[in-house]
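Inside the fold
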Amino acid sequence: MAEEINILVVDDDKEIAELVEIHLVSDGYPVFKAYNAMEGLEILQKENIKLVILDIMMPGIDGLSMCKKIRETSTVPIIMLSAKSADIDKIIGLSTGADDYVIKPFNPLELMARVKSQLRRFTKFNPSTYEDKNEKEITVTHLVINKETHVVMAYGKEVRLTPIEFDILYLLASNAGRVFSTDEIFERVWNEKMYEANNTVMVHIRRLREKIEMDSRNAEIIKTVWGVGYKIEK
């Protein structure tokens, strides 16, 4: 029997939480709801949650603070919901560790598509079994990346990456020497066409550098090619 994919919805607006629940349940996902961050964190400790849909604007502990708390121990995919549409708000949300950001009011079908995309990535990132015990590795510029277990070593130390961060790093490392534009990275990693400029890739690159570089302001692994994009040297 396949393992259930439990999804946690955290939103102080009960109508929105219930709307999201209806669409998730109709697609076969068991749903846990919380109306504040403390309830949500308690559910995360007790249940095997595979994805979190998290509202930013909540009384008490807000969604940004909850996201940071989750990221201290977990790489579970987090989709943030917010009524704020400005680029700076999206950057802040992604910088705290979220994997995706959906603006209210949202199309439920779009949200479901984002959910399925994140779950596909997370399943690939956390496979339950491995048939080949001789895992293949990529070794390049202070990095060792295990393609089978998704373990990443930077400067000899293991680093914890979210599935999206791993996919970006793997794309660059497996094509060492090639420069990728932000549009190319977005289309290859998110499997979506980028129709307008946004800072999503830039924010994830910054988070990656903070985790893998000795000095994120003087990056030795992920190089910026000004006016073009990013690359990892051979």
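Per an unreviewed UniProt entry, the chain is named Stage 0 sporulation protein A homolog, and its organism is Lachnoclostridium phytofermentans. Here is the UniProt Function (unreviewed entry) comment for the chain, exactly as written: "May play the central regulatory role in sporulation. It may be an element of the effector pathway responsible for the activation of sporulation genes in response to nutritional stress. Spo0A may act in concert with spo0H (a sigma factor) to control the expression of some genes that are critical to the sporulation process."

**Here we look at the UniProt feature "modified residue: 4-aspartylphosphate" (unreviewed entry) in the chain**
Here, the residues flagged by UniProt with the feature "modified residue: 4-aspartylphosphate" (unreviewed entry) are Asp55. Tracing the sequence through the fold places Asp55 in strand β3 (residues 49-55). Contact partners of Asp55, with chain neighbours within four places excluded, come to Val10, Asp11, Asp12, Gly63, Leu81 and Lys104.

**Here's the deal with the sheet that holds strand β2 (residues 31-34)**
Taken together, 5 strands build an open sheet; the order of strands is β2-β1-β3-β4-β5 and the sheet is parallel. A strand with exactly one partner marks an edge of an open sheet, and here the two such strands are β2 and β5 (100-103). Direction aside, neighbouring strands of the sheet carry axes that sit 20° apart on average. Along the sheet, helix α3 (residues 63-71) makes contact with β1 (6-10), β3 and β4 (78-82), crossing β4 at roughly 175°.

**What about the domain arrangement of the chain?**
Split by domain assignment, the chain resolves into domain 1 (7-124) and domain 2 (137-232). If you average the C-alpha positions of domain 1 and of domain 2, the two centres end up 24 Å apart. Each partner contributes to the interface: domain 1 provides 18 residues, whereas domain 2 provides 18 residues. A combined buried area of about 1500 Å² lies between domain 1 and domain 2, and 50% of that area is made up of carbon and sulfur atoms. Taken together, domain 1 and domain 2 are joined by 0 salt bridges. Joining domain 1 to domain 2, the criterion identifies 4 residue pairs in polar contact (both at pLDDT 80 or more). Among the elements of the structure, α4 (87-95) and α5 (108-125) are those that each provide at least two residues to the side of domain 1 that touches domain 2. Here the side of domain 1 that touches domain 2 takes 6 residues from α5, the largest share from any one element. When the residues that make up the side of domain 1 that touches domain 2 are grouped by side-chain class, the tally is 4 nonpolar, 7 polar and 7 charged.

The rules behind these values
- Residues numbered from 1 in each chain as written.
- Predicted model: local features only at pLDDT ≥ 70, side-chain atom pairs only at ≥ 80, totals over all residues.
- Heavy atoms only, no water.
- UniProt positions renumbered as here; feature names shortened; annotations may be inferred.
- Helix = DSSP H or I, 4+ residues; strand = E, 2+ residues; numbered from the N terminus.
- Contact = heavy atoms within 4.5 Å.
- Pairing = 2+ DSSP bridges.
- Axes fitted to C-alpha atoms, helices over the stretch in contact; angles between N-to-C directions.
- Domains from an automatic or database assignment.
- Buried area = accessible area lost by both parts, 1.4 Å probe.
- Salt bridge = Lys/Arg side-chain N within 4 Å of Asp/Glu carboxyl O.
- Polar contact = N/O pair within 3.5 Å; in protein donor to acceptor, adjacent residues only side chain to side chain.
- Nonpolar A, V, L, I, M, F, W, Y, C, P; charged D, E, K, R; others polar.

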